Amino acid sequence: MSTKHRRISLTVNGEAVAREVPVRLNLVDFLRHDLGFTGSHVGCEQGACGACTVVLDGQTVRGCLVLAVQADGCAVVTIEGGVDDDLREMFYTLNALQCGFCTPGMLLSSAELLRANPNPSREDIREYLSGNFCRCTGYQAIVDAVFTVAEARRS
Amino acid sequence: MPYFPAGPRRSRIGADDVKAPDFDYCRPESMADALALLSLHADDAAIIAGGQSLLPILNFRLAAPELLIDIGRLDELKQVTEDDEFVEIGALVSHCDLADSPLVGRELPLLHQAIDHIAHPAVRHRGTIGGSLAMADPAAELGACCLALDGAFSIVSVRGQRWVAAADFFKGVYETALQPDEILTAIRLPKPAPGTISIFEEVARRRGDFAMAGLALVAAPNNLRIALLGVADRPVLVEQTMTLLTNNPTAVDEAVALIGTEVDPLDDPTYPPAYRRHLVQVLLRRALSRLPQ
Amino acid sequence: MSIGASVPRDRAKRLLLGRGQFVDDIQLPRMVHLAFVRSPYAHARIEAIGTAEAMALPGVIAVYTADDLEAAVSSWRPEHKLFPTMAAPEQFALAKGTARWQGEAVAAVIAESRAQAEDGAEQVAVTWHELPAVTDANAALAPDAPILHDDMTSNLAFTTEVVAGDVAVAFGQAAHVVEEHFRFHRHSGVSLEPRGIIAEFEPGESRLTVHQSHQTPHQQQDLYARLMGLPEHKVRVICPDVGGAFGLKHHLMADELVACVAARLSGRPVKFIADRLESFLADIHCRDHEVHARMAFSAIGEILGIEVDDLFNAGAYGQYPRTSIAEGNQITRLTGAPYRHEHYRAGLRMAFLNKSILGHIRSVGHPIACAVTERLVDMGATELKLDPIEIRRMNYLADDDFPRTSSGGVDFENLSFNGCLDKAVEMFDVPAFRAEQANLRNEGIYRGIGIATFVELTAIGPEYYGEGGQHISAQETCLLRLEGSGTVRCYTGVTDQGQGIDTGIQQVVADVMGVPLADIEVISGDSALCPVGGGSWGSRGAALGGEAAMRAARTLRGNILNIAASQLQKDPGDLTIDQGVVIDAASGTSHMAVSEIGRIGHFQPYNIPDGISADLTVVERYGSRDRMFLAGNGLQIATVEVDIDTGIVTPLRHLVVHDCGRILNPLLVREQVRGGVVQGIGAALYEELRYDEDGHLLTGSFADYLVPMAGEMPDIEVAHIETPTKTSELGAKGAGEAGTAGAVGSILNAVNDAIAPLEASIAVTPITPPRLLKALGRI
């Protein structure tokens, strides 16, 4: 019983990457442990908490619910690959994070929301982020940060 | 909200697992290749598309297929098309693409209402209609919708294609009419008659959660169909209630009483059958109140 | 002034770039991975463990059972000398002979990858003999109950009574008595980052280095050294970024200890990261109380007496090293705390049963004491036809009642119940809500409002654990080092799990020293580098760590001024420091930069005259004396909408008025309070570790154990009034318990207010839809 492997090629944060990976390895473990992009975190391994959120071919996905082999040929962006500076800055200013474990997922999801909807209500923001668990904040500072960025971009 | 299959909902203790067991993987270039592979490995293979239901099961080691056949890149299964009578949705259309489809919005607004309740954006990006239906979680939204819309599913294998009515497809908790060598490829839904009103209602604890109960109602001028989710081992049509309301659309109290007798929810320590039965009655009353008088 | 300013956190910048370093982010050369075989039964004898098949798998390096660990690690008993009659059953790193809860680790597999370790764990063959389990305290204390521990004659872990006055007299005189039977179900802290540890053993020097997601590095250093028989100075515990803790990461956890032992036995660094299922199964749990309580009122609504009996469903063992007692004790000590009453009796019975260990999670016991008290007060108001606000005003302890020892026996220095209530009603137009509520009820919409007044015990004093015999530091120490360039490194014994205490301490040091914030870095979470301290738990960081930092900063400032004065031929008393520059205190004239002092102090020390205090590395400590706690207080107002058809409760507006003494950083305190409220709303509405009657966990994933998410949570207004403690110079009290302490009571009262017109009431949390509909008689 030796673990099956496949060779995959993809881009991660713009860099071309080719690796031999165990077929059973999921994308977030591959990013974290094989490539050292530890910004995405693992919180439940069943797609419920959102800590492992990464962007796959332009859309947020759960990194624990994608196999690394399924990302073969794709473009992956993690928090290390960048997220809008104004959003990051506002999270800092309003302290929209405490322990920081959910933060990469929150940032990537928020950035996606603002691309799709530049004018979200607080309710829209809460709805869009409702798959990202934060245990430390009361979510309010996060909602404030996203809302404030949207306002600032409009003016 | 079909992204947690019931597997992980039950605690499986002993060896404590979060990493998938070992398996092999292939990504055939065509449907023909996929079917050939599947026919070869039928009993030991699993089809993966978006993986939003299968991967939690694998992570928790509730299934141990020897081979994953990834059909996720077969673009021919990603189309939504129409003719005069039907809308046909490829099995690999994602929840998110379904929600973005103007054709679906125009012809099948029930699906758009239902998709709002499915999980969260990152899951909707990967999860597919075919994957959700083939997983057959009794609390999933789209199965009940297909029942209410009187849809049929295209099922193919090396032995050929067959169509199975939605009403015959769901066999139990995670059980369907699919044989081990078969793949669900498309969903064909009749276009509702002009004037048809469709209503989707569900009750979940939090946004994106599995519904404790849900209801899909399609009221055509002379025919009213109601399918329920989360209240049996599969999505179910409530035929007696449908007949009553088709014949007498104003018999609301009678219908609400009847629907409560027509469902037999599974035993569940958190949401007892009496509660789910009650919810079905609440949902029916709410849905009927949304119909124009 | 920096203290009191809303300063964002330095650490946040790194976390926002995805460059945090959590335990699982660390990879060491030749590191192996640990997976456990855990008991599938709540109670079972382990007859045999077969490891050969697991050992034969690729990647598997070793399989350990209790027998393999026996020589390498000691067992422990959670004793507390202040409670000498409390049972303290022996616990082993891996279950020995008998497993006593579902999820207790019985074997450990190390392998080259986590997946391979799990492959191995699947193949470990355990022969079980299932034993009858007891899953709630009533069953556990029944005369014929199976007894968990061989050296006990029943499952009763502890019983006690707190008495003041004579409740028989109070209830005899009462014009009105209200009474309720409450059930607060079991839940946990559920940090998003699960528990995790990497242990590395260097055999040449017998050196154990541990990276651990933990709140108390020095405590762990002591425990690992003692249990593994290592000299303490050869054990180093480093807590890197910690992804939330909330009390579940300040204990000795058997499985984490196994990682340390496995590292020693295998000679390889060992990583163990708990997955979510084993987190639910084997983390420290909290609450799980059945409480019967009653309150006696005079004819006009004065509280005459309170009686409360807590049946406390503890776990299979006592929590170590703190013991599990405080969760019950806080209920016996804090029920009725905000109110003037003379007659009080609180009984506690604590039972061991076949579930994971129960102990200290955020706001230990407080939410129960608060909810019980405040529900009874609301019931009294209804009975007496008094407004809930007025009955509280009538009974609150007033400012001039303090200092006071409460009926529950807790010393309160200065609490501000009336001030908080005044502020709350100023912010929240209760009459307008009542009017809207009445209108909406006509439309079949049921809204309710609930008030909960709470006391928050923080910054535990040295006597509690010192006298208890635990090696838990309740004082704090701060070491400051002026670098040659004039910047400052600050080493503290408190730790930061996201609450931002690093920044609070940085602000204190900046203000006291007169140097810019950016010139100070706070270093914490390393038992070898940092001065001995207690870490962060029980809201102690600002009150104790802040005060120690203030003292150290004052000493260093004094030494800087001594050196400056010696160079300037001036009196140090005539100088001060502002923005990193030594200036003339009277005129403000700049004399020399602190960087000059650093340069002289480190590189030209011969220019400093003998006989003056000129150390540029200083250390000071602070431990309060003669008090168990610093008490803060506050109140919450919750409003909710109850869907009486579905049983769904939707939180609407939520308000907190809080007094935690002097606030170092309102930006951080506000969101910490909100986070606490959300955890409390979770307990009130969603979170439950539910077991079947055989002790099998039914809620072992995030699909069943529901946590509060952004979609359902309300905006939460937070206001503060500041009544500084006079026991320290800084005046800070702790702030981390407040949100959680009051949220359950406020939501419970709001739901009951909403359904009052339906002549229904509920006293069970979480208030699930089926429970609520049952209370309403609708199912």
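A short note on the overall build of chain B
Step number 1: Helix and strand content of chain B: 13 helices and 14 strands.
Step number 2: For chain B, the proportion of its 293 residues judged to be buried stands at 62%.
Step number 3: Counting only carbon and sulfur atoms, one obtains 48% of the accessible surface of chain B, whose full area is about 10700 Å².

Focus: the sheet that holds strand E3 (residues 53–56) of chain A
All names here are of chain A.
Step number 1: If you walk across this open sheet you meet the five strands as E2-E1-E5-E3-E4, and the pairing is mixed. Both edges of this open sheet fall to strand E2 (15–22) and strand E4 (59–62), since each of them pairs with a single strand only. Taken over all neighbouring pairs, the strand axes of this sheet differ in orientation by 40 degrees on average, direction set aside.
Step number 2: In the packing of helix H1 (residues 27–34) onto the sheet, the strands contacted are strand E1 (5–12), E2, E3 and strand E5 (75–77), and the crossing angle to E2 comes to about 110 degrees.
Step number 3: Its contacts with the sheet put helix H3 (residues 103–116) on E3 and E4, and the angle it makes with E3 is roughly 45 degrees.

Here we look at the packing of helix H2 (residues 85–93) of chain A against helix H5 (residues 140–154) of chain A
Residue and element names in this part refer to chain A.
Step number 1: Put simply, H2 and H5 touch, their axes get as near as 9 Å, and they point 135 degrees apart. In terms of orientation, H2 and H5 fall into the oblique class. In this structure, the crossing between H2 and H5 has a hand that is right-handed. Along the contact surface, H2 presents Asp-86, Leu-87, Met-90 and Phe-91, while H5 presents Ile-142, Ala-145, Val-146, Thr-148, Val-149 and Arg-153.
Step number 2: Broken down by class, the residue content of the contact of H2 with H5 amounts to seven nonpolar, one polar and two charged.

Remarks on the pattern of salt bridges
Opposite charge on two side chains allows them to pair when their charged atoms are near.
All names here are of chain C.
Step number 1: Tallied over the entire structure, the rule returns 84 salt bridges over all chains.
Step number 2: Across the pair Arg-268 and Glu-112 runs a salt bridge, and its minimum N-O distance is 3.2 Å. Here the residue Arg-268 occupies a position in the loop between helix H8 (254–266) and strand E12 (270–273), and Glu-112 occupies one in the loop between strand E5 (105–111) and helix H4 (114–123), the gap between them amounting to 156 residues.
Step number 3: Of the residues examined, Arg-268 reaches a relative accessible area of 10% and is grouped as buried.

A look at the domain arrangement of chain B
All names here are of chain B.
Step number 1: Domain parsing of chain B yields domain 1 (12–70), domain 2 (78–190) and domain 3 (197–290).
Step number 2: The C-alpha centroid of domain 3 is placed 20 Å from the C-alpha centroid of domain 2.
Step number 3: Contacts between the two partners involve 23 residues from domain 2, matched on the other side by 25 residues from domain 3.
Step number 4: Each partner contributes to the roughly 1900 Å² buried at the junction of domain 2 and domain 3, and carbon and sulfur atoms together form 62% of this total.
Step number 5: Counting across the domain 2 and domain 3 interface gives one salt bridge.

Considerations on helix H12 (residues 252–262) of chain B
All names here are of chain B.
Step number 1: Of the residues making up H12, those classed as buried are Ala-255, Val-256, Ile-259 and Gly-260. Buried residues of H12, viewed axially, fall in a sector of 135 degrees; they line one side. When the buried face of H12 is taken as reference, the exposed residues oriented beyond 90 degrees from it are Asp-253 and Thr-261.

Observations regarding the state of the cysteines
Where two cysteines share a covalent bond between their sulfur atoms, that bond is called a disulfide.
Step number 1: Within this structure, the stated rule accounts for zero disulfides over all chains.
Step number 2: Free of any disulfide, Cys44(A) has its nearest neighbouring cysteine sulfur in Cys49(A), separated by 3.9 Å.

Considerations on the interface of chain A and chain C
Step number 1: Tallying the contact residues gives 47 residues for chain A and 54 residues for chain C.
Step number 2: Across the interface of chain A and chain C, roughly 4200 Å² is buried in total on both sides, 56% from carbon and sulfur atoms.
Step number 3: Summed over the shared surface of chain A and chain C, the number is six salt bridges.
Step number 4: Salt-bridge contacts for Arg32(A) lead to Asp24(C); the nearest nitrogen and oxygen are separated by 3.0 Å.

Observations regarding the pairing of strand E12 (residues 211–220) of chain B
The side chains of a regular strand alternate, first on one face of the sheet and then on the other.
All names here are of chain B.
Step number 1: Burial analysis of E12 places nine of its ten residues in the buried class, the great majority of the element.
Step number 2: In terms of strand pairing, strand E11 (residues 197–204) meets E12 through eight bridges, oriented antiparallel. Across the sheet, the residue bridging to Ile-197 is Ala-219, located in E12.
Step number 3: Linking two consecutive strands that pair antiparallel, namely E11 and E12, is a turn of six residues; a positive phi of about 80 degrees is found at Gly-208 within it.
Step number 4: Here E12 runs beside strand E13 (residues 223–229); their pairing, made up of seven bridges, is antiparallel. Residue pairing for E13: Leu-217 is matched across the bridge by Ile-226.
Step number 5: Counting the residues in the hairpin turn of E12 and E13 gives two residues.

Here we look at the packing of aromatic side chains
All names here are of chain C.
Step number 1: As enumerated under the stated definition, the model contains 21 aromatic pairs over all chains in all.
Step number 2: Site record: aromatic cluster; members linked through ring pairs are Phe-83, Phe-158, Tyr-464, Tyr-465 and Trp-537.
Step number 3: Sitting over the face of the ring of Trp-537, Arg-322 holds its NZ or CZ atom 4.2 Å from the ring centroid.

So, how was this worked out
- Going along each chain's sequence as written, the residues are numbered from 1 onward.
- Written order decides the labels, with chains lettered from A and ligands numbered from 1.
- Selection of residues for local features in this predicted model requires a pLDDT of at least 70, selection of side-chain atom pairs for listing and counting requires 80 or more, and totals for whole chains, interfaces and linings are taken over all residues.
- Excluding hydrogens and water, the side-chain figures rest on all heavy atoms present in the structure.
- In this description a helix means any DSSP run of H or I spanning at least four residues, a strand means any run of E spanning at least two, and both kinds are numbered starting from the N terminus.
- Each residue's exposure class comes from its accessible area (1.4 Å probe, protein chains only) as a fraction of the maximum for that residue type: buried when under 20%, exposed when over 50%, partly exposed otherwise.
- What sets the accessible areas is the Shrake-Rupley method with a 1.4 Å probe; for residues, cover comes only from the shown protein chains.
- Note on pairing: two strands pair once DSSP finds at least 2 bridges between them.
- Axis angles are defined between N-to-C directions and span 0 to 180 degrees, where every axis is a line fitted to C-alpha atoms and, for a helix, only to the segment in contact.
- When checking whether two residues touch, look at their non-hydrogen atoms; a contact exists if any pair is within 4.5 Å.
- Roughly parallel means an angle under 35 degrees; roughly antiparallel means over 145; roughly perpendicular covers 65 to 115; every other angle is labelled oblique.
- For any pair of crossing helices, the crossing counts as left-handed if the nearer helix is rotated counterclockwise from the farther one by less than a right angle, and right-handed if it is rotated clockwise.
- Any residue that is not Ala, Val, Leu, Ile, Met, Phe, Trp, Tyr, Cys, Pro, Asp, Glu, Lys or Arg is counted as polar, Gly included; the first ten are nonpolar and the last four charged.
- One speaks of a salt bridge when a side-chain nitrogen belonging to Lys or Arg is within 4 Å of a carboxyl oxygen belonging to Asp or Glu.
- Segmentation into domains, and thus their bounds, comes from an automatic or database assignment.
- Accessible-area loss on putting two parts together, using a 1.4 Å probe and summing over both, is the definition of buried area adopted here.
- Arc, as used here, means the arc of the directions from the helix axis to the C-beta atoms.
- By convention in this document, the label disulfide applies to cysteine sulfur atom pairs within 2.5 Å.
- Stacked, tilted and edge-to-face are the three classes applied to pairs of Phe, Tyr and Trp rings, where Trp contributes its six-membered ring and a pair requires centres within 6.5 Å; stacked means planes under 30 degrees apart, edge-to-face means over 60, and tilted covers the rest.
- Our definition puts a charge over a ring when NZ of Lys or CZ of Arg is within 6 Å of the ring centre and also within 35 degrees of the ring normal.

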